[in-house]
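Coordinate analysis (summary)
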Amino acid sequence: MNKLYFKDISGKKQWIDLSLVSVVQICERDQIYRIQFCNADLYPLGSYMISLETKNSVSEELNRYFNAKATLWDHE
């Protein structure tokens, strides 16, 4: 599945199509995190404020997705 679902800091459900994402940046300030998704040209696809718990779960999902994608590239 290419869609990543998560809740932003206000509790609103968000999603991003990971097949379009090449760069993910996570910044922290006062225990509030901002996650930004960009494509290969570094064009922003979305930027969201998230909690620590969401950052941790999103980070796990991103690692799983991109590690699986890298494994596929190794076998081609």
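Numbers given to residues run from 1 along each chain, matching the order in which its sequence is written. Where totals are concerned, whole chains, interfaces and linings use all residues; where local detail is concerned, this predicted model gives features only for residues with pLDDT of at least 70, and gives and counts side-chain atom pairs only at 80 or more. Neither water nor hydrogens contribute to the side-chain values; these are computed over all heavy atoms in the structure.

Right, let's get into the packing of aromatic side chains. Ring pairs shown here join Phe, Tyr and Trp side chains whose ring centres sit within 6.5 Å, with only the six-membered ring taken for Trp; geometry is labelled stacked below 30 degrees between planes, edge-to-face above 60, and tilted in between. Here the structure, examined in full by the defined rule, presents 4 aromatic pairs. Plain terms: the ring middles of F6 and F37 are 6.2 Å apart, the flat faces sit at 40 degrees to each other, and that makes the pair tilted. Of this pair, F6 sits in strand 1 (residues 3-7) while F37 sits in strand 4 (residues 32-38), and the two are 31 residues apart along the sequence. Residue F37 is classed as buried on the basis of its relative accessible area, which comes to 0%. Members of the aromatic cluster, each reached through a chain of ring pairs, are F6, F37 and Y48. Put simply, a charge is over a ring when the Lys NZ or the Arg CZ is close to the ring centre, within 6 Å, and near the line of the ring normal, within 35 degrees. In this structure, K3 packs its charged tip against the face of W15, placed 4.2 Å from the ring centre. Against the face of Y5 rests K13, its NZ or CZ located 5.1 Å from the ring centre. Helical segments are the DSSP runs of H or I of at least four residues, strand segments are the runs of E of at least two, and each set is numbered from the N terminus. Relative accessibility decides the category of a residue: with a 1.4 Å probe and only protein chains considered, values under 20% of the type maximum give buried, values over 50% give exposed, and everything between is partly exposed.

All right, on to the pairing of strand 5 (residues 44-50) then. The pairing criterion for strands is at least two bridges between them, as found by DSSP. Looking at chain direction, strand 4 and strand 5 are connected through 6 bridges and run antiparallel. Within strand 5, the position partnered with F37 by the bridge is G46.

Glancing now at the nonpolar core. Membership of the largest hydrophobic core comes to 13 residues, with the highest contact counts inside it found for L4, F6, I16, L18, I35, F37 and L62. When contributions to this core are tallied by element, the ones reaching two or more residues are strand 1, strand 4, strand 5 and helix 1 (52-75). Contact definition: two residues touch when any of their heavy atoms are within 4.5 Å. In this view, F37 contacts L4, F6, I16, V21, V23, V24, Y43, P44, L45, G46, Y48 and L62; residues no more than four positions away in its chain are not counted. Only buried Ala, Val, Leu, Ile, Met, Phe, Trp, Tyr and Cys residues count toward a nonpolar core, and they belong to the same one when joined by side-chain atoms within 4.5 Å.

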